[in-house]
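# Topology and contacts: notes
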Amino acid sequence: MKNKPIQTIGVIGSGPSGSTLASLLAKKGLEVTVFDDGRRPELIVGESLIPAIIPVLRKLDLEDRVAAICQHKPGVSFTLSKEERLDFSFQSLAGTPMPTYAYNSPRPAFDRLLETRSEELGVKRVKARAKIERVNGDGLRLAEESLAQAPWLAGKQPDLLVDSTGRNRLFARTLEIQSEVGPRKDIAYFAHYEGFEEETPAGQVVIGRLENGWCWRIPLRDCLSVGVVMNKDDAAKFGPTPEERLEGVIEHDPLLAIAGCNRRRVTEIATYTNYQLVSSRGHGPGWVLSGDAFGFVDPMLSPGMWLALRSAELLSENLDNLEGYTREMQKLIKAWMALIEYFYDGRIFAMYKTGSYYEQKFPGKISDAMHHFFNNKIACMAAGLTTTSFFGHCLLQMFSGPASWKTDPATLAIR
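Throughout what follows, the structure given in this document is the object of discussion. (Residues numbered from 1 in each chain as written. Predicted model: local features only at pLDDT ≥ 70, side-chain atom pairs only at ≥ 80, totals over all residues. Heavy atoms only, no water.)

### Quick look at the layout of surface pockets
By volume, the second largest pocket amounts to about 530 Å³. Elements represented by at least two residues in the lining of the second largest pocket include exactly helix H12 (347-361), helix H13 (365-382) and helix H14 (390-403). Looking at which element gives the most residues to the lining of the second largest pocket, the answer is H12, with 7 residues. In terms of residue class, the lining of the second largest pocket is made up of 11 nonpolar, 6 polar and 1 charged. (1 Å grid on protein atoms, 1.4 Å probe; cavity = no way out; pocket = protein on both sides within 12 Å on 5 of 7 lines; lining within 4 Å. Points joined across faces, edges and corners; volume = space filled by probe spheres on them. Helix = DSSP H or I, 4+ residues; strand = E, 2+ residues; numbered from the N terminus. Nonpolar A, V, L, I, M, F, W, Y, C, P; charged D, E, K, R; others polar.)

This is the structure in structure tokens:
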């Protein structure tokens, strides 16, 4: 006997994943109700986007509106020390199906675009937090008071409830779902500044290796997002408050101190706990998880927003195969965790430094071709095109060993 087709969906939370999912389902003619009270912090982590997000924006007919408020992002640079900098350009993606650029987004405005688009497509909205109840051990339903706030449902429970509450993880907490937590237990502090030295090319994101931890500089149209990520114990050495910690790290790091010598902070400081987590279960009877509610990784390489939108895209295509959707999301998150680990433990930087040594020692067409090949493969993985590629991960594993012949990865690791 086939399951009843899903016709009505209740999405809890209208962040990027929830709004995108609602839009994609509405375009398919399904009846979608979003429950969200609209409250958002002034600063939201996840301002730097990757190229893989652009096809989803195009599917939503939103790229032009996104481009109008966002900063064009041509690539990412990594500073290992005052003397060592690696520059990556998305032009390495030329010849692939992926765009050769991305954007840096003012998150509240970006999120509002996604919400507005869902409303344009006919998604109904309840401006309140939904209350849910556990039923029959493993099931969930809307509480009667929440159901009553959506009179168009005529008192009937939606065929499917979707948790898009982000790190609040409403369903997982209600059902006590176990999670796999990654090894890092970092904390992030960030704020927006004016007066920081401009990077070239315009819009280039800079990731810096600190004495302990790492930092980001994300150019927005009218300011710069500056954040530091480190172990809680190391952060505490700079003082008891977020202000003292963020400003203390900026003053302590030579590159940040020089670039920000004329800085002026224009926002409050946001604090985020930063760790890797993926739910052991992604769905159950009448419910499913999406976006950060399903799982997330830390900000290194900026995969969070794309994972949120990709989760919505995958779910919209697999309403009749929630098990397959869950497997694909777990695969995606774990692939990103594995890729990011190459940056944290220094192996990716050791490969580039060793490669540069042999390029200089043996210049010519062969070394140029190898440089282009590796740049393209790593760019495709970090851009979201081939992150889960078995070949790509094997390639990284194969060459990370020989890379240590000339450069010890441990000397480049991010503690």
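That shown, we press on.
### Considering empty space enclosed by the protein
Counting across every chain of the model gives 2 cavities of 30 Å³ or more. By volume, the largest cavity amounts to about 50 Å³. For the largest cavity, the full set of lining residues is Ser-14, Ser-19, Val-34, Glu-115, Ser-118, Glu-119, Val-123, Lys-124 and Arg-125. Of all the elements in the fold, those that place two or more residues in the lining of the largest cavity are helix H4 (107-120) and strand S7 (124-126). Tallying contributions element by element places H4 first for the lining of the largest cavity, with 3 residues. Split by residue class, the lining of the largest cavity holds 2 nonpolar, 3 polar and 4 charged. Roughly 40 Å³ of volume is contained in the second largest cavity. In this structure, the second largest cavity is lined by Thr-79, Gly-208, Arg-209, Leu-210, Cys-215, Arg-217, Asp-253, Leu-255 and Leu-256. Elements with a minimum of two residues in the lining of the second largest cavity: strand S13 (205-209), strand S14 (214-219) and helix H9 (254-259). Partitioning the lining of the second largest cavity into residue classes produces 4 nonpolar, 2 polar and 3 charged.

### Brief notes about helix H10 (residues 304-317)
Taking 1.5 Å per residue, 14 residues should reach 20 Å; H10 reaches 20 Å between its end C-alpha atoms and fits that length. Counting buried positions over the 14 residues of H10 gives 11, a clear majority of the element. Buried within H10 we find Met-305, Trp-306, Leu-307, Ala-308, Leu-309, Ser-311, Ala-312, Glu-313, Leu-314, Leu-315 and Ser-316. Tucked inside the fold, the buried residues of H10 contact helix H1 (16-27), helix H2 (53-59), H4, strand S10 (160-163), strand S20 (287-289) and helix H11 (322-344). (Expected span 1.5 Å × (residues − 1). Buried < 20%, exposed > 50% of the residue type's maximum accessible area, 1.4 Å probe, protein only. Contact = heavy atoms within 4.5 Å.)

### Observations regarding the pairing of strand S9 (residues 139-142)
Looking at chain direction, strand S8 (residues 132-135) and S9 are connected through 4 bridges and run antiparallel. Residue Glu-133 lies in a different strand from S9, and its bridge partner there is Arg-141. The hairpin turn running from S8 into S9, its antiparallel successor, is 3 residues long, and Asn-136 in that turn takes a positive phi close to 55 degrees. (Pairing = 2+ DSSP bridges.)

### As for the pairing of S10
Of the two faces of S10, both are covered, the one formed by Leu-160 and Val-162 as well as the one formed by Leu-161 and Asp-163. Bridge count between strand S1 (residues 8-12) and S10: 4 bridges; the pairing is parallel. Note on S10: the bridge partner recorded for Val-11 is Val-162. Sheet topology places S10 next to S20; 3 bridges connect them, and they run parallel. Across the sheet, the residue bridging to Val-162 is Val-288, located in S20.

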